[in-house]
Amino acid sequence: MQTVPHSSGTIASRLLNWCAKAWEATVEGDVIGSLDDQALREIARDCCVTPDQLLQLAKAGPHAADEMIALMTALNIDPDEAAHAHAFQFRDMQITCSACTSKDRCRRDLARHAADQEYIHYCGNAEHLNGMRAEPDLLIA
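The numbers attached to residues start from 1 for each chain and follow its sequence in the written order. Residue-level local features of this predicted model are given only where pLDDT is at least 70; pairs of side-chain atoms are given and counted only at 80 or more, and the full residue set underlies all totals for whole chains, interfaces and linings. Neither water nor hydrogens contribute to the side-chain values; these are computed over all heavy atoms in the structure.

Further remarks concern the overall build of the chain. Helical segments are the DSSP runs of H or I of at least four residues, strand segments are the runs of E of at least two, and each set is numbered from the N terminus. Scanning the chain from terminus to terminus reveals nine helices and zero strands. Across the 141 residues of the chain, 32% fall into the buried class. Whether two residues touch is decided by their heavy atoms; if any such pair falls within 4.5 Å, the residues are in contact. Within the chain, counting contacts between residues at least 6 apart in sequence, those at least 24 apart form 65% of the total. With a 1.4 Å probe rolled over the protein chains alone, any residue whose accessible area is under 20% of its type maximum counts as buried; one over 50% counts as exposed, and the rest are partly exposed.

The structure is reproduced here in structure tokens:
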């Protein structure tokens, strides 16, 4: 399970990490973007997303929803159990997180261990997360 990186480390190492993630996202976006329309539609259908969503997700990169996983853990929700029990909802939540414009605030709240109190004010997945918190089978033991 991928977690949100801490803001520790040297400025150079953080910059290199950021550059690596940006490059990875660009390459994946280019690969998906280079597919012909038919292949793009088929892959999108297989993933239960629209072709536009698939392109957006590829450009966002493979770690675009890491904050969601970290937030679930902060809320005592087991991400693996949630993905298993609510596969389509989990996918939709990842799409929402990937496109979120509040990532900086979310990361700050996660870093200062305040996300469990603050996410409700900005998280596009707050309603789903609250529902999951009410399901004992999804909670971390």
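Closest axis-to-axis distance for the helix H4 (residues 66-74)/helix H6 (residues 87-98) pair is 8 Å, and the angle between their directions is 120°. In this structure, H4 contributes Glu67, Met68, Ile69 and Met72 to the contact, and H6 contributes Phe90, Met93, Gln94 and Cys97. Its residues assigned to classes, the contact of H4 with H6 shows six nonpolar, one polar and one charged. Orientation is described by lines fitted to C-alpha atoms, with helices fitted over the stretch in contact, and by angles between N-to-C directions that extend from 0 to 180 degrees. For this classification, the nonpolar set comprises Ala, Val, Leu, Ile, Met, Phe, Trp, Tyr, Cys and Pro, the charged set comprises Asp, Glu, Lys and Arg, and every other residue, Gly included, is treated as polar.

Right, let's talk about helix H7 (residues 103-111) for a bit. Side chains three or four residues apart in an α-helix point the same way, a direct result of the helix having 3.6 residues per turn. Of all the residues in H7, the buried ones are Lys103, Cys106, Asp109 and Leu110. All buried residues of H7 fall inside an arc of 130° around its axis, so they share one side. Residues of H7 that are exposed and point more than 90 degrees away from the buried face comprise Asp104, Arg108 and Ala111. Each element contacted by the buried residues of H7 is listed here: H4, H6 and helix H8 (115-118). Backbone geometry just after H7 places His113 at a positive phi near 55°. It is the directions from the helix axis to the C-beta atoms that the arc portrays.

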